[in-house]
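Secondary and tertiary structure notes
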Amino acid sequence: MLALVADTHRTEDAGLVGRTATAVAEAEALVHAGDFTTPAVHAAFEDAAAGADARLYGVHGNSDGPALRERLPASRTVEALDRRFVVVHGHEHDRTALSLLARQEDADCVVVGHTHRPGIGTVGDVTLVNPGSHADPRGGPATHGEVRRRGETVAVAIVGRDGDRRAIGQV
């Protein structure tokens, strides 16, 4: 399983509780779409991923300071579950730019954050996923994303901290 998180906006810890903590512990890989906010929070995610024997794939967001901007790319491509995911925070991308980036990277899915609003949609012919914020939701529930192989398909779900599925799609 691939766990998707974004917009942590904390200063000392990862803020992983409930189903989000369980998803991270079960993940083969953890994708963070930016706004860790501090190096300590990034380190907490590295520790959580290492504890799950998973790899952390993060990008920096607009609220990440110089230390994280030096350490993390603005975008990255992740290959998992026989799919190609491009990850960006999204503060510098409108829908057209996301579509072009997906095409450039030959991606099946774009993972973005920034808005704190969870959702699954499309941009061009590519799946667009915003996992929302697990630790700093704004105007809605705390959420994260879970991506799993289901036979020949790859399913993506937006999941609340309580474990309720809020949205479902395919990559």
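Attention here is on the structure that accompanies the text.

We now examine the pattern of salt bridges. Summed over the entire model, instances satisfying the criterion amount to eight salt bridges. Residues joined in a network through salt bridges with shared partners are Arg19, Glu26, Glu146 and Arg148.

This part covers the packing of aromatic side chains. Per the counting criterion, the structure on display carries one aromatic pair. With centroids separated by 5.6 Å and ring planes inclined at 80 degrees, the aromatic side chains of Phe36 and Phe45 adopt a geometry described as edge-to-face.

Attention shifts here to the sheet that holds strand E6 (residues 109-111). Taking strand neighbours across the sheet as the criterion, the five strands line up as E4-E5-E6-E8-E7 in an open arrangement whose pairing is mixed. Two strands lie at the open edges of the sheet, namely strand E4 (75-80) and strand E7 (119-123), each paired on one side alone. Pairs of neighbouring strands in the sheet enclose a mean axial angle of 25 degrees, with direction left out of account. Bridge analysis of strand E5 (residues 83-88) against E6 gives three bridges, and the strand direction is parallel. Paired with Val87 across the two strands is Val111, which belongs to E6.

What follows concerns helix H1 (residues 18-26). Arg19, Thr20, Ala23 and Val24 are the residues of H1 that are buried. Mapping the buried residues of H1 onto a view down its axis gives an arc of 140 degrees, with all of them on the same face.

About the thresholds
- Residues numbered from 1 in each chain as written.
- Predicted model: local features only at pLDDT ≥ 70, side-chain atom pairs only at ≥ 80, totals over all residues.
- Heavy atoms only, no water.
- Salt bridge = Lys/Arg side-chain N within 4 Å of Asp/Glu carboxyl O.
- Phe/Tyr/Trp six-rings, centres within 6.5 Å; stacked < 30°, edge-to-face > 60°.
- Pairing = 2+ DSSP bridges.
- Helix = DSSP H or I, 4+ residues; strand = E, 2+ residues; numbered from the N terminus.
- Axes fitted to C-alpha atoms, helices over the stretch in contact; angles between N-to-C directions.
- Buried < 20%, exposed > 50% of the residue type's maximum accessible area, 1.4 Å probe, protein only.
- Arc of directions from axis to C-beta.

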